[in-house]
Amino acid sequence: MANLQSDFLGIKSPNPFWLASAPPTDKEYNVRRAFEAGWGGVVWKTLGSEGPPIVNVSGPRYGAIWGADRRLLGLNNIELITDRPLEVNLREIKAVKRDYPDRALVVSLMVPCEEQEWKTILPLIEETGADGVELNFGCPHGMAERGMGSAVGQVPDYVEMVTRWVKETTRMPCIVKLTPNIADITHPARAAKDGGADAVSLINTITSITGVDLDIMAPTPTIDGKGTHGGYCGPAVKPIAMNMVAQIARNPQTAGLPISGIGGVTTWRDAAEFMALGASNVQVCTAAMTYGFKIVQEMISGLSQWMDEKGYHSIDDFVGAAVPKVVDWQYLNLNHVTKARIDQDACIKCGRCYAACEDTSHQAISMSPERVFDVKDDECVACNLCVNVCPVEGCITMETLAVGAMDERTGVPVAAEHRDWTKHPNNPFANAAE
Amino acid sequence: MSQPNSAQGVCSSRLTSQDYAENFSDLHPPLDAHEALVAADRCYFCHDAPCITACPTDIDIPLFIRQIATGTPESAARTILSQNILGGMCARVCPTETLCEEACVREAAEGQPVDIGRLQRFATDTIMRSASHPFQRAAETGKTVAVIGAGPAGLSCAHRLAMHGHNVKIFDARPKAGGLNEFGIAAYKSTDDFAAKEVEWLLAIGGIDIETGKALGRDMSLSDLIDTYDAVFLGMGLAGVNALGLAGEEKDEVRDAVSFIADLRQSSDLSTLPVGRHVVVIGGGMTAVDAAVQSKLLGAQNVHLVYRRGRARMNASKYEQDLAASRGVNIITNAEPIAVHGNGAVREVEFSYTVEGPNGLERTEDTFRLPADQVLKAIGQTLEDTPDLVKTDGRKIEVGENGRTSHPAIWAGGDCASGGDDLTVTAVAEGRNAAEDIHRTLMG
């Protein structure tokens, strides 16, 4: 039986599945339910400075994008940080941590960009017995207008400055949560590292408008006739998040910096993928908000089964395992040739591969009057679109041509040696061939 | 269901009013908006979709389902109705299990096709609930066309002609329009007086006048019509019914299934409709199944459907056969009636088992009798009076492409015309295609 025990910056949890700082972790009641359901840890919903709490809208706070059968694919929110008094949150955090010492409990923070503000709140957090802090430099709506959240995360100098204040003030592990609303994620990641952060977590939500009410001509969610951009999350953002995680994991200046992966993790497989790309653990929000806390049971059993099947004993055995294989485009082997192959027994004759290829790609699939679809190897560039649009999983696959086999499209046999763009004759800047 | 009244003979009020209502409610209840979205989500939007090919009226099924899925069922209805103006009725009565849904790739993928029939009903019901008719007439052409028969073929033809701006006069022998949609078809497939409502909705296009109680041959001749109108479309169906040709066939309570079903369809109170305790239905087509199932639903204790050939040869689909079995109808195959027994009214029908021999169907010496106080004959219909001026193939009016007959001003379609498969949807397609051809011919 695989060991799912996680040790992230010295913070131990029975599994690597944490709930992200968000509505599910806003109060004691929810967090206790989450721990009872089996979650390894939580990042408590972001606390602000002492004083009158912030005020949330009382109109709709979420918007969504759905796939077939109204499966929720993307969720957008305009909720701000906790709107409950600081002392109430602190009291509850302390009580929960006392009762669940084996679980991770990290507190998310967002206070104004002033040194004294940070130095005031940190001792209060320490006093609760929490395991660490996460600096919310990510929320793109509302708080950003007040100079916090993503307004900080988008300026690497601020990220570094605030991180340093925090590290100077507290012994607690410090995780910096990054906003994806930026051109190059490695810049704020590097800034966090330079400021002394123990880890980064990403991604926070992506600036978004999920819909427009075409009757009243206003964005949704609509509050008294007006809408604002929100933060987008859920399965739809997973590819964006994974790329950013991988960028940090493989950049020489940030490699080795622990990462907590966030962004659309819905199943054990999503978690395994984030972790293969360098995340030591994952944080989940939308999946829990869609299905409830129970989903963690599938995540635990699935990851455990897969690790057993692969012979991984602990999560460290595969964290970052895929990072060396994430490369720049220019290092992809241009001598590697694949062709689409259609399994005629599995084919249900919907013709979507044909429509996609004929209308929008390379006219490399033929269609007979009997609706038999075949790949024309002399036209197939191996774009994979047919695989992607086929509704039957595994019906169309890409077959690698063996070395020496003729590529009928180019008329050139498949070469044995690796030749990427850096060595390609068409590249005027190519290195001289060996 | 409570215990039916099991009195001998043919009598009414075998059931409670609640049982009648339950038995004759919608066979396939309509989808609500949520169910329609779930069902529509399953369509793969196939290229050159097999379901379209399987539809006799070539409805663009993937397009209309996508229109439902994207919240525009009214557009979906226009997609359907532009090909098949009786799309509402076809959604209810089409044997989709042997047409579009059989061809659906999800039938191949997981044995569960997209629910095309009910999605079509969802779309057409939606548009028919709104007040406006979705099609507009072209400018009047001044041409006139006579249509014989206000059934699916005639109505489809008339609507398309009216849309092109022609003036159409429909004559129908029965007291009401609708043809088999109104007088045939099992009641549980067309509830809530749908056939009449659909006719009324269809006529909203304008330019169509219907005269009922007027039969070709009896009240007018084809040559009169040709003199009066620019073109004639024959879609009068098959008014005659085949006889068994047996001794005792004239006994009381031996009747045509067609008229039994017509009485049932026109009844406003099913408890007044008499049905036998032991009913024997002879035949193997849809009419036989409709008559047998409805006899059972009216409270008959024993219903036997007897077909002279094997199951595979039955015209009723597998689905219809299963429906009959699930309603308690006993299906006996490879048996042919040889005598009707009884003193005044029928008491028994005698059958001989059959075998398929080298010279066709042959009776064996093996016979049996079934108790019967009512016998319903469903062994096929015929063209009652062969119209003059047009050639027949001996049974039906001979037609070529687009329903052209041997006479240049006369077209024909539906059950009275050769070819086809006696389906509502095929009749609609033939009426529509003939209308387009008439239009091209008249406008030169």
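Residues numbered from 1 in each chain as written. Chains lettered and ligands numbered in written order. Predicted model: local features only at pLDDT ≥ 70, side-chain atom pairs only at ≥ 80, totals over all residues. Heavy atoms only, no water.

Caption draft 1: Local environment of empty space enclosed by the protein. Residues and elements named next belong to chain A. Applying the stated criterion across every chain yields a total of 8 cavities of 30 Å³ or more. Taken as a whole, the largest cavity spans an internal volume of roughly 410 Å³. Around the largest cavity, the lining comprises 34 residues; the ones closest to its centre are S21, A22, N77, T205 and C285. Contributions of two or more residues to the lining of the largest cavity are made by strand 4 (41-47), strand 6 (72-77), strand 14 (230-233), strand 16 (281-284) and helix 9 (286-291). With 3 residues, the top contributor of residues to the lining of the largest cavity is helix 9. Classifying every residue of the lining of the largest cavity by side-chain character gives 18 nonpolar, 13 polar and 3 charged. (1 Å grid on protein atoms, 1.4 Å probe; cavity = no way out; pocket = protein on both sides within 12 Å on 5 of 7 lines; lining within 4 Å. Points joined across faces, edges and corners; volume = space filled by probe spheres on them. Helix = DSSP H or I, 4+ residues; strand = E, 2+ residues; numbered from the N terminus. Nonpolar A, V, L, I, M, F, W, Y, C, P; charged D, E, K, R; others polar.)

Caption draft 2: Representation of the interface of chain A and chain B in the model. In this assembly, 13 residues from chain A lie in contact with 12 residues from chain B. Both faces combined, the contact of chain A with chain B buries some 950 Å², and carbon together with sulfur accounts for 61% of it. Per-residue buried area on chain A facing chain B is highest for A:D69, A:I348 and A:R371; these three make up 45% of the total on that side. At the junction of chain A with chain B, the criterion picks out 0 salt bridges. Of the residues forming the side of chain A that touches chain B, the biggest block, 3 residues, is contributed by helix 11 (residues 352-360) of chain A. For the side of chain A that touches chain B, the class distribution of residues is 7 nonpolar, 1 polar and 5 charged. (Contact = heavy atoms within 4.5 Å. Buried area = accessible area lost by both parts, 1.4 Å probe. Salt bridge = Lys/Arg side-chain N within 4 Å of Asp/Glu carboxyl O.)

Caption draft 3: Broad picture of the sheet that holds strand 9 (residues 174-177) of chain A. In spatial order, the strands read 3-4-7-8-9-10-15-16 (chain A); together these 8 strands close into a barrel with parallel pairing. Going from strand to strand, the sheet's axes swing by 25 degrees on average, the running direction of each strand aside. (Pairing = 2+ DSSP bridges. Axes fitted to C-alpha atoms, helices over the stretch in contact; angles between N-to-C directions.)

Caption draft 4: Focus on the domain arrangement of chain A. Considered domain by domain, chain A is made up of domain 1 (6-323) and domain 2 (329-423). A straight line from the C-alpha centre of domain 1 of chain A to that of domain 2 of chain A covers 40 Å. (Domains from an automatic or database assignment.)

Caption draft 5: Fine view of the sheet that holds strand 6 of chain A. Residue and element names in this part refer to chain A. The 4 strands are arranged 5-6-14-11 in an open sheet whose pairing can be described as antiparallel. Each end of this open sheet is capped by a strand with a single partner; those strands are strand 5 (62-66) and strand 11 (206-208). The mean inter-strand angle of the sheet, taken between neighbouring strand axes irrespective of direction, is 35 degrees. Here strand 5 pairs with strand 6 via 5 bridges, running antiparallel. Note that in strand 6 the partner of W66 across the bridge is L72.

Caption draft 6: Layout of the layout of surface pockets. One number sums up the size of the second largest pocket: a volume of about 630 Å³. Lining of the second largest pocket is provided by 22 residues; of these, A:G67, A:A68, B:D41, B:A69 and B:T70 occupy positions nearest its centre. Looking at the lining of the second largest pocket, the elements with two or more residues in it are helix 11 of chain A together with helix 2 (33-41) and helix 4 (61-69) of chain B. With 5 residues, the top contributor of residues to the lining of the second largest pocket is helix 2 of chain B.

Caption draft 7: Representation of the nonpolar core. Counting residues in hydrophobic clusters, the biggest one holds 80 residues, and the most contacted among them are A:W39, A:I125, A:V176, A:L202 and A:L303. At 7 residues, helix 7 (residues 238-250) of chain A tops the list of elements feeding residues into this core. In terms of nonpolar packing, the next biggest core, distinct from the first, is built from 70 residues, B:V93, B:C100, B:A158 and B:A162 among them. (Core = buried A, V, L, I, M, F, W, Y, C linked by side-chain atoms within 4.5 Å. Buried < 20%, exposed > 50% of the residue type's maximum accessible area, 1.4 Å probe, protein only.)

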